Amino acid sequence: MKQAPLIRFRIDFAENSNLGPGKIALLEGIRTCGSLSEAARRMGISYRRAWLLLDSLNKSFNVPATVNSVGGPGGGGAEVTPFGDLLIERYREVERKLNDVAGECLEEIGRRANRRTATSARKVPVSKKRRKGA
């Protein structure tokens, strides 16, 4: 199976204003779930981490990427704004283009990549006897 290299990248718009795969995945999760806490659970990150990512994202631009509603009879929630949708769309567009270019530029190198699972280190049995002084 031929597979192009996968590029992971972050865009820095200004100091403390960036966009990367984690924030985009969080926005996509919020768009799907309508909830920051559910999006965080599905990503396997804490609510606090998700909240910090979202807060950073919303402070990075002069337009919010999401709007939140406080709990009530139906519970609270979060919604991706049109600007948030634009962030997702453009980030994914750049990602597709970068991966296409990487696939072309790195084709020769990619053919030499080991496709089977690599082990990081040889397994060495550990002695059950403790050394003196250890």
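What counts, and at which threshold
Going along each chain's sequence as written, the residues are numbered from 1 onward. In keeping with the predicted nature of the model, local features appear solely for residues at pLDDT of at least 70, side-chain atom pairs appear and are counted solely at 80 or more, and the whole-chain, interface and lining totals rest on all residues. Based on all heavy atoms of the structure, the side-chain values leave hydrogens and waters out of the count. In this text, helices come from DSSP runs of H or I with a minimum length of four residues, and strands from runs of E with a minimum of two, each type numbered from the N-terminal end. Burial classification: accessible surface area is computed with a 1.4 Å probe over protein chains only, and a residue below 20% of its type maximum counts as buried, one above 50% as exposed, and the rest as partly exposed. Contacts are residue-level and defined by heavy atoms, with any inter-residue pair within 4.5 Å sufficient. For the accessible areas, the method is Shrake-Rupley and the probe is 1.4 Å, while residue cover comes only from the protein chains on display. Here, strands pair whenever DSSP counts at least two bridges between them. To estimate the expected span of a helix, count its residues, drop one, and scale the result by 1.5 Å. The term nonpolar core refers to a set of buried residues drawn from Ala, Val, Leu, Ile, Met, Phe, Trp, Tyr and Cys, joined through side-chain atoms within 4.5 Å. In this tally Asp and Glu are treated as negative and Lys and Arg as positive; neither His nor the chain ends contributes. Salt bridge, as applied in this entry: a Lys or Arg side-chain nitrogen positioned within 4 Å of an Asp or Glu carboxyl oxygen. Throughout this description, a polar contact denotes any pair of N or O atoms lying within 3.5 Å of each other; where both atoms belong to protein, one of them has to be capable of donating a hydrogen while the other can accept it, and for residues adjacent in sequence the pair is counted only when both atoms sit in side chains.

Describe the overall build of the protein, naming the residues involved and giving the relevant values.
Of regular secondary structure, the protein possesses five helices and four strands. Listed N to C, the secondary structure of the protein is β-β-α-α-α-β-β-α-α in terms of helices and strands. Across the 134 residues of the protein, 27% fall into the buried class. Across the protein, the fraction of contacts at a sequence separation of at least 24, relative to all contacts at a separation of at least 6, is 52%. Of the roughly 10400 Å² of accessible surface on the protein, a fraction of 53% belongs to carbon and sulfur atoms.

So what's going on with unusual backbone geometry? Which residues, and what values?
Even without being glycine, Asn 16 reaches a positive phi, approximately 60°. Structurally, Asn 16 is set in the loop between β1 (11-14) and β2 (17-19).

Requested: an account of the pairing of β1, with residues and values cited.
As judged from the three bridges shared by β1 and β2, these two strands associate in the antiparallel manner. Looking across to β2, one finds that Asp 12 is bridged to Asn 18. From the end of β1 to the start of β2, which pair antiparallel, there are two residues, and Asn 16 there has a positive phi angle of about 60°.

Account for helix α4 (residues 82-105), naming residues and giving values.
Under the 1.5 Å per step criterion, the end-to-end length of α4 is 34 Å for 24 residues, consistent within 8% with the ideal 34 Å. Within the sequence span of α4, burial applies to Gly 84, Leu 87, Ile 88, Tyr 91, Glu 95, Asn 99, Ala 102 and Gly 103. Packed against the buried residues of α4 are β1, β2, α1 (21-33), α3 (47-60), β4 (77-80) and α5 (107-110).

Requested: an account of the nonpolar core, with residues and values cited.
Within the largest apolar cluster, 20 residues are counted, with the highest numbers of intra-cluster contacts made by Leu 26, Leu 27, Ile 30, Leu 54, Leu 57 and Leu 87. Contributing elements (two or more residues each) for this core: α1, α2 (36-43), α3, β4 and α4. Residue contacts for Leu 57: discarding those within four places in its chain leaves Asn 18, Leu 19, Lys 23, Leu 27, Ala 65 and Leu 87.

Describe in detail the side chain of Lys 23, supporting the description with residues and values.
Mapped onto the elements, Lys 23 comes out in helix α1. Within the buried set, Lys 23 has no salt-bridge partner at all; the shortest N-O distance to an opposite charge, 7.9 Å, is to Asp 12. Side-chain polar atoms of Lys 23 contact the side chain of Ser 56, separated by 3.1 Å. Beyond its immediate sequence surroundings of up to four residues, Lys 23 is in contact with Asn 18, Leu 53, Ser 56 and Leu 57.

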